[in-house]
Amino acid sequence: LEHLYEPKNVLKEMVRICRSGGVILLNTPFTYWMHAHPYDYHRYTRFFYERFGEECDEIETVKICAFGSAREVLVDIIAKSIRTHFSMLSTMIQKRAVNRWKKRNKRQGLEWTIGFGVVYRKI
C-alpha cells in the first residue's frame with residue numbers, strides 16, 4: 001500500500017470486488033526506512049485506517065493493531081544499518097526482536113511502532 005501513489009483508489013477497488021462477508025487484510029510499515037526507490041510514497045497510522053473505515057459505508061473495521069515498539073524500532077534501525085557489513089548478525093538481531101514482540105507486545109496505541117495491520121470486513 002505504501003508503494004501506491006493514490007492508495008485510496010486501490011482501497012476502494014478492494015472493497016468493491018470483495019464479496020459480502022469477505023475480509024481485507026492490510027499490513028503497512030510506519031517507522032521504517034525508505035525502500036523500493038523511487039516508489040515508496042506513504043506511511044500509514046491507525047488514524048488513516050480508522051478514518052477510511054468510517055468513510056466507507058460498505059465495510060466495518062474489525063481490528064487495527066500496531067506491531068513493534070520503541071525497542072523493536074531501534075533494533076530494526078541498528079540491524080539495517082549494519083546489515084551490509086554483518087548480515088548474519090543483522091538477521092539474528094531482527095529474529096530476536098520479532099520473537100520478543102510475539103511474546104510480550106499486546107498493547108494498542110504505541111507511540112513508536114514499526115507498522116500497523118488492519119482487518120476490514122465487507123458488510
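Description of the structure in this document. (Residues numbered from 1 in each chain as written. Predicted model: local features only at pLDDT ≥ 70, side-chain atom pairs only at ≥ 80, totals over all residues. Heavy atoms only, no water.)

Now for the overall build of the protein. Scanning the protein for helices and strands turns up 4 helices and 3 strands. Secondary structure elements of the protein, listed N to C terminal, follow the sequence α-β-α-β-α-α-β. Per-residue burial over the protein gives 35% buried out of 123 residues. Sequence-distant contacts, at least 24 apart, represent 78% of the contacts inside the protein between residues at least 6 apart. Summing over all exposed atoms, the protein offers an accessible surface of approximately 8400 Å²; the carbon and sulfur share of this is 58%. (Helix = DSSP H or I, 4+ residues; strand = E, 2+ residues; numbered from the N terminus. Buried < 20%, exposed > 50% of the residue type's maximum accessible area, 1.4 Å probe, protein only. Contact = heavy atoms within 4.5 Å. Areas by Shrake-Rupley, 256 points an atom, 1.4 Å probe, with all protein chains shown as cover.)

A word on the pattern of salt bridges. Summed over the entire model, instances satisfying the criterion amount to 6 salt bridges. Among the ionic pairs, Glu 55 bridges to Arg 51, the shortest N-O distance being 2.8 Å. Separated by 4 residues within a single helix, Glu 55 and Arg 51 lie in helix α2 (residues 46-55), roughly one turn from each other. Residue classification places Glu 55 among the partly exposed positions, given a relative accessible area of 43%. A salt bridge links Lys 122 to Glu 58; the shortest N-O distance between them is 3.6 Å. Of this pair, Lys 122 sits in strand β3 (residues 115-122) while Glu 58 sits in the loop between α2 and β2 (59-67), placing them 64 residues apart in sequence. Looking at Glu 58, the relative accessible area reads 40%, which means it is partly exposed. (Salt bridge = Lys/Arg side-chain N within 4 Å of Asp/Glu carboxyl O.)

On to helix α1 (residues 7-17). Residues Pro 7, Leu 11 and Val 15 constitute the buried set of α1. Projection of α1 onto a plane perpendicular to its axis shows the buried side chains occupying an angular sector of 80°, all on one side. Turned more than 90 degrees away from the buried face of α1, the exposed residues are Lys 12, Arg 16 and Ile 17. (Arc of directions from axis to C-beta.)

For residues that are not glycine, phi is negative in most cases, and the peptide bond is trans in most cases. Residue Pro 38 follows His 37 across a cis peptide bond; omega there is -5°. Relative to the helices and strands, Pro 38 is located in the loop between β1 (23-29) and α2. If you check the backbone angles, Ala 36 has positive phi at about 55° while not being a glycine. Along the chain, Ala 36 falls in the loop between β1 and α2.

Moving on to the nonpolar core. Leu 26, Tyr 49, Phe 52 and Tyr 120 are the most contacted members of the largest nonpolar core, which totals 17 residues. Once residues within four sequence positions are removed from consideration, Tyr 49 is found in contact with Leu 1, Leu 26, Thr 28, Tyr 44, Thr 61, Ile 64, Phe 116, Val 118 and Tyr 120. (Core = buried A, V, L, I, M, F, W, Y, C linked by side-chain atoms within 4.5 Å.)

Right, let's talk about the packing of aromatic side chains for a bit. Taken as a whole and judged by the stated rule, the model has 7 aromatic pairs. Judged by centre distance (5.3 Å) and plane angle (80°), the ring pair of Tyr 5 and Tyr 41 falls under edge-to-face. One end of the pair, Tyr 5, is in the segment before α1; the other, Tyr 41, is in the loop between β1 and α2, with 36 residues separating them in the sequence. With a centroid separation of 6.5 Å and an interplanar angle of 75°, the aromatic rings of Tyr 39 and Tyr 41 are classed as edge-to-face. You can call Tyr 39 partly exposed: its relative accessible area is 49%. Given the relative accessible area of 35%, Tyr 41 is considered partly exposed. Counting every residue linked through ring pairs, the aromatic cluster contains Tyr 5, Tyr 39 and Tyr 41. (Phe/Tyr/Trp six-rings, centres within 6.5 Å; stacked < 30°, edge-to-face > 60°.)

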